[in-house]
Amino acid sequence: MTEQTTQAASSELDVQDVVKRAIELNDYSYLLEKVPYSQFIGMSVARFGDEMVFKLPAKDDNIGNPILPAIHGGVIAGFMEMSAIVQLMVFMQAKKVPKIVDFSIDYLRAGLHQDTFAECKITRQGRRVANVSINCWQTNRKQLIATARAHFLLD
């Protein structure tokens, strides 16, 4: 076995173990701790049955426009993309981290400097590709600040 094969097998096992542990304990903080970007933006998640709600807390480092103040659009997009990845990993009990194929976002209103939430819906899951829609809001689920669609390679 080559060193790369050993590392790949170890990495695959680690991802599967982390996801399995998070599901068993219903605590996804351990999974998010493994992703430096989610730590940087302060992301968290709670699961209620088959629904996962992701949270981006109001954090000064996430502000892009200090005059409003508003969350940076890239932070919102990154938060939504990470939410979709975690959702896929949990509901598929992934052995590997899904790879992003494309990501399309529509910004609907300013994301003000306050807690922000997202929920994902896996709209199609094939053997190799999954489509996920993501909605993001702040004070009211019906007043979205952004919506996105992402495609992931599962292999």
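So, here is what we can say about the structure in this document. (Residues numbered from 1 in each chain as written. Predicted model: local features only at pLDDT ≥ 70, side-chain atom pairs only at ≥ 80, totals over all residues. Heavy atoms only, no water.)

Turning to the pairing of strand β7 (residues 129-137), a few remarks are in order. Taken together, the 8 bridges between strand β6 (residues 116-125) and β7 define a ladder with antiparallel strand orientation. Note on β7: the bridge partner recorded for Ile122 is Val132. Here β6 hands over to β7 after 3 residues, the two strands then running antiparallel side by side. Relative to strand β8 (residues 144-153), β7 is paired through 9 bridges, and the arrangement is antiparallel. Looking across to β8, one finds that Ser133 is bridged to Arg149. (Pairing = 2+ DSSP bridges. Helix = DSSP H or I, 4+ residues; strand = E, 2+ residues; numbered from the N terminus.)

Moving on: unusual backbone geometry. Across the junction of Leu68 and Pro69, the peptide omega takes the value -20°, indicating a cis bond. Looking at the secondary structure, you find Pro69 in the loop between β3 (63-65) and β4 (70-71). A positive phi angle is found at Asn26, which is not glycine, with a value near 55°. Note that Asn26 resides in the loop between α1 (3-25) and α2 (29-33). You can call Asn26 partly exposed: its relative accessible area is 45%. (Buried < 20%, exposed > 50% of the residue type's maximum accessible area, 1.4 Å probe, protein only.)

Moving on: the nonpolar core. In terms of nonpolar packing, the biggest core is built from 38 residues, with Leu31, Phe54, Phe79, Met80, Val86 and Ile134 touching the most fellow members. Breaking this core down by element, the ones donating at least two residues are α1, α2, β2 (51-56), α4 (73-92), β6, β7 and β8. It is α4 that contributes the most residues to this core, 11 residues altogether. Once you skip the residues sitting within four places of it in the chain, Phe79 turns out to touch Tyr37, Ile41, Met43, Phe54, Lys55, Leu56, Thr116, Phe117, Ala118 and Cys136. (Core = buried A, V, L, I, M, F, W, Y, C linked by side-chain atoms within 4.5 Å. Contact = heavy atoms within 4.5 Å.)

Attention now moves to the packing of aromatic side chains. Following the criterion strictly, the structure yields 1 aromatic pair and no others. Over the ring of Tyr30 we find Arg21; its NZ or CZ atom is 4.0 Å from the centre of that ring. One Lys or Arg, Lys59, reaches over the ring of Phe40 and ends 5.4 Å from the middle of that ring. (Phe/Tyr/Trp six-rings, centres within 6.5 Å; stacked < 30°, edge-to-face > 60°. Lys NZ or Arg CZ within 6 Å of the ring centre and 35° of its normal.)

Moving on: the sheet that holds strand β5 (residues 99-107). Spatially, the 6 strands line up as an open sheet ordered β1-β2-β6-β7-β8-β5, and their pairing is antiparallel. In the strand order of this sheet, the two ends are held by β1 (44-48) and β5, each with one partner. Strand-to-strand twist across the sheet, computed as the mean angle between neighbouring axes with direction ignored, equals 25°. One ladder, built from 5 bridges, connects β1 with β2; its direction is antiparallel. When the sheet's bridge partners are listed, Ser44 is paired in β2 with Lys55. (Axes fitted to C-alpha atoms, helices over the stretch in contact; angles between N-to-C directions.)

Read these as layout, nothing more, since geometry by itself doesn't imply function.
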